[in-house]
Amino acid sequence: MQYIQRFIPIGLVLAGALVLSGCNRPSFQDAQGQTLDWSSLRGQWVVVNYWAEWCKPCREEIPELNQLDQSPEVTVLGVNFDGITGEPLRAVADKMQIRFRLLAEDPGPALDWKQPVGLPASFIVTPEGKLLEARFGAQTEDGLRALMDL
């Protein structure tokens, strides 16, 4: 009994640490089947953009997001609102000339974000990993840079 009492708290602490470390380090699959560890984005601004092929303002902002993604301080990640994955997602991205990285799944639930109700929607995340703002409607590179103070 004394043995169990002495080691159960250690086991609980270790189990809790494993659970918490998993909560702090979500990872997502991209359109190419590669894993993106969310914590690897720390130290840079992240724009998570929700888009759809049928959304005209989404198509209008793609060149702006492509350009913003070229900045070493910013990573743009795209999420298809309609849930398209695999080859169909890659084909639509090629057709729409999307050059930034696309996620094969919505990161919102793992990050405690609500799914946007309108498109396009851009979630701006600080280099410290905090959601700064959600913006709706077509964004410009200059407007997003001004928000990030870049």
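Residues numbered from 1 in each chain as written. Predicted model: local features only at pLDDT ≥ 70, side-chain atom pairs only at ≥ 80, totals over all residues. Heavy atoms only, no water.

Visitor: Just to check I follow, could you spell out the environment of Ser-27 for this structure?
Guide: Along the polypeptide, Ser-27 turns up in strand E1 (residues 27-29). If we skip the residues at most four places from it in the chain, Ser-27 touches Thr-35, Leu-36, Asp-37, Trp-38 and Glu-105. (Helix = DSSP H or I, 4+ residues; strand = E, 2+ residues; numbered from the N terminus. Contact = heavy atoms within 4.5 Å.)

Visitor: Explanation requested: the sheet that holds strand E3 (residues 45-51) in the structure shown.
Guide: Across a sheet, paired strands are connected by hydrogen bonds in the backbone, their directions being either parallel or antiparallel. Here 5 strands make up an open sheet; going across it, the order is E5-E4-E3-E6-E7 and the pairing mixed. Two strands close off the open sheet at either side, each with one partner strand: strand E5 (101-103) and strand E7 (131-136). Mean inter-strand twist for the sheet, computed between neighbouring axes without regard to direction, equals 25°. In the packing of helix H2 (residues 56-69) onto the sheet, contacts are made with E3, strand E4 (74-80) and strand E6 (121-125), and the angle to E4 comes to roughly 150°. Helix H3 (residues 86-95) rests against E3, E4 and E5 of the sheet, and its axis sits at about 145° to E5. (Pairing = 2+ DSSP bridges. Axes fitted to C-alpha atoms, helices over the stretch in contact; angles between N-to-C directions.)

Visitor: Help me understand the pattern of salt bridges in this model?
Guide: All told, the structure shown has 6 salt bridges when counted by the stated rule. For Glu-60, the salt bridge goes to Lys-56, with nearest N and O atoms at 3.9 Å. Here Glu-60 pairs with Lys-56, and both are found in helix H2, just 4 residues apart, close to one helical turn. You can call Lys-56 exposed: its relative accessible area is 51%. The salt bridge partner of Glu-87 is Arg-90, with a shortest N-O separation of 3.3 Å. Here the residue Glu-87 and the residue Arg-90 both occupy positions in helix H3, the gap between them amounting to 3 residues, near one helical turn. (Salt bridge = Lys/Arg side-chain N within 4 Å of Asp/Glu carboxyl O. Buried < 20%, exposed > 50% of the residue type's maximum accessible area, 1.4 Å probe, protein only.)

Visitor: What should I look at first to understand the side chain of Thr-75 in this one?
Guide: Considering the arrangement of structural elements, one finds Thr-75 in strand E4. Only 2.5 Å separates the side chain of Thr-75 from the side chain of Gln-44, close enough to count as a polar contact. Among residues more than four places away in sequence, those in contact with Thr-75 are Leu-41, Gln-44, Trp-45, Val-46, Val-47 and Asp-69. (Polar contact = N/O pair within 3.5 Å; in protein donor to acceptor, adjacent residues only side chain to side chain.)

Visitor: Whenever I open this one, the nonpolar core confuses me. Can you help?
Guide: Soluble globular proteins tend to pack their nonpolar side chains together in the buried interior. With 38 residues, the main nonpolar core has Trp-38 and Val-48 as its most contacted residues. When residues of this core are traced back to their parent elements, those giving at least two are E3, H2, E4, H3, E5, E6 and helix H4 (141-148). Considering every element that reaches this core, the biggest residue donor is E3, with 6 residues. Those residues in contact with Val-48 that lie beyond four places of it in its chain are Trp-38, Leu-77, Val-79, Pro-107, Trp-113, Ala-121, Ser-122 and Phe-123. (Core = buried A, V, L, I, M, F, W, Y, C linked by side-chain atoms within 4.5 Å.)

Visitor: Before we go on, may I ask you to explain the packing of H2 against H4 in this structure?
Guide: Axes are the key here: two packed helices are described by the angle between their axes and the distance separating the axes. Remark: H2 packs on H4, axes separated minimally by 8 Å, with the N-to-C direction vectors making an angle of 45°. Judged by the inter-axis angle, H2 sits oblique to H4. Residues Glu-64, Leu-65, Gln-67 and Leu-68 of H2 lie in contact with H4, whose contacting residues are Glu-141, Leu-144, Arg-145 and Met-148. (Parallel < 35°, antiparallel > 145°, perpendicular 65-115°, else oblique.)

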